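# Close look at the chain arrangement
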Amino acid sequence: MGEEHGMSSSTRRRYHRSLYTVANARTPQDLVALLIEEDIELLIDARPAAPDDGRLRSLCADANTYYAVRPQLARLAEHRDAEPDEHHAWAAAMAMRHRTCVLADAAGVAEETAALVGLRLVDLDRSPAPIALTMP
Amino acid sequence: MIDFYRWAGEPSDFSDALAGLRASGGYRVNGRTFEVPTREDYERAFVEHGLISLGATISEYAELAAAAQADWHAGGNDGCVFAAALSADRVNSGWETHVLLEGVDDAAGVADAIDALCRPRIAAPEIEVVSVLMPAVDDADTLARLLSRLSPLEHWNVRERGVEDVQGIGSVVLLGVRAEVELGHWAEVLGFGRFAGQGNTRLAPFTELAIRVKEPPRPRSNQRAYMADIEMDLDKVEFGRWWHETKRGRAERLGAEQDARAKGRVTFALEQGAWERSTG
């Protein structure tokens, strides 16, 4: 999963340099298990419709992970000529402070957010290996 | 239009003038004396260095008031080793000071202005603490009026957290101020200033609201955000040492008698009459 923190010019504050994304293709339990494995601190649910949001909120709370619903982030993926707005700026700022994953129905939802502040986008569905070391 | 002066400096910017600072204030707790610089001490140091015109007061110089308050924190007078280190290196620490450039004649307007000032700072990733310094606010009634106007605002919460009978003062109400930050958390606000009921570690030269404007790294079940959440470049051993030093220093400066009045959840300890007049 590469670098997690980058020293800024600050002597104390460290900003995350990556934004993680995952497609809506898992059960809430499996998704939260993945978030735990990847040490995600904040899940941003960017799906336009999220019928399981109550379950996800509860599972995230149990996993000591923030859960925020921001369907507005999906707008750019649907309207490619639209500009990033305050929701993207909010998500980008959050991703700098927290290890953040965007849950989306469609590809490309997290790209504009990552691009706003130069974050590297990491697709957890394509990630070759989890952080945790496992014995063979 | 209510104006603030944003100070983005360091106490060390005034190290020449502050080298001549002589502390005339202080207190004695359990047989130990603590010397603490007062507003007048800072004013004298700046006057002697030609930074304040003769006959003027430090309160008229927003930058100097901010630097004095920052130096007071950096000197460990608030009893917190972490705050001292953060205040000595404010830019890197993300600790901003905004000085209110007028009095609080319009308490509701100032409350709205403080709220409007804080909202974008909560969203800014680089900011950890926002201090609102109010050099013209020195009496409990004015401060109580301001707090009572903050209370009904959507992102603020002002609550009575007890009443203490303090010798020589009478009934003192403990007021806790919280500000809503991101992700459903509420940050504690620390209050400083020269008010009779305040604990020794809060008796700063100027009235200040120090607002922790970030949620903790992970959600907390009580949804509270603390100053102690600020990331420091310390290993566990050093962190533990600072923590114990802070605990010891705080106990030494407050004693058992003042402990409740200077806890993190208490922003100000004010004469009860002032609070009742503001809310009545």
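Rules used throughout
- Residues numbered from 1 in each chain as written.
- Chains lettered and ligands numbered in written order.
- Predicted model: local features only at pLDDT ≥ 70, side-chain atom pairs only at ≥ 80, totals over all residues.
- Helix = DSSP H or I, 4+ residues; strand = E, 2+ residues; numbered from the N terminus.
- Rg over C-alpha atoms; globule rule 2.2 N^0.38 Å.
- Buried ≥ 20, exposed ≤ 12 C-beta atoms within 10 Å, placed from the backbone.
- Contact = placed C-beta atoms within 7 Å.
- Pairing = 2+ DSSP bridges.
- Axes fitted to C-alpha atoms, helices over the stretch in contact; angles between N-to-C directions.
- Nonpolar A, V, L, I, M, F, W, Y, C, P; charged D, E, K, R; others polar.
- Core = buried A, V, L, I, M, F, W, Y, C linked by C-beta atoms within 7 Å.
- Parallel < 35°, antiparallel > 145°, perpendicular 65-115°, else oblique.
- Left-handed = near helix turned anticlockwise from the far one by under 90°.

### Quick notes on the overall build of chain B
A count of helices and strands for chain B gives 9 helices and 11 strands. A compact globule built from 280 residues would reach a C-alpha radius of gyration of about 19 Å, and chain B, at 18 Å, matches this within 12%. Buried positions account for 47% of the 280 residues belonging to chain B. Contacts spanning at least 24 positions in sequence make up 70% of the contacts within chain B whose residues lie at least 6 apart.

### Observations concerning the sheet that holds strand β3 (residues 18-23) of chain A
Residue and element names in this part refer to chain A. Read from one edge of the open sheet, 5 strands run β5-β4-β6-β3-β7, paired in parallel fashion. Looking at which strands have only one partner, the edges of the open sheet turn out to be β5 (66-69) and β7 (120-123). The sheet shows a mean angle of 25° between the axes of neighbouring strands, direction not considered.

### Considering the interface of chain B and chain A
Residue-level contacts link 14 residues of chain B with 16 residues of chain A. Classifying every residue of the side of chain B that touches chain A by side-chain character gives 6 nonpolar, 3 polar and 5 charged.

### Structural notes on the nonpolar core
Residue and element names in this part refer to chain B. Grouped together as the largest cluster of nonpolar side chains are 76 residues, with contacts concentrated most on Ala65, Leu143, Leu175, Ile211 and Leu270. In terms of residue count, helix α3 (residues 62-74) provides more of this core than any other element does, 9 residues in total. Residues in contact with alanine 65, not counting those within four places in the same chain, are Ile58, Ser59, Val99, Leu133, Pro135 and Phe206.

### Description of the packing of helix α7 (residues 140-150) of chain B against helix α9 (residues 272-279) of chain B
All names here are of chain B. Running from N to C, α7 and α9 point in directions that differ by 45°, and their axes come no closer than 8 Å. Overall, the two elements α7 and α9 adopt an arrangement that is oblique. You can see that α7 and α9 cross each other, and the crossing is right-handed. Contacts between α7 and α9 pair Ala140, Asp141, Ala144, Arg145 and Ser148 from the former with Ala274, Trp275, Arg277, Ser278 and Thr279 from the latter. Class assignment of the residues belonging to the contact of α7 with α9 gives a composition of 4 nonpolar, 3 polar and 3 charged.

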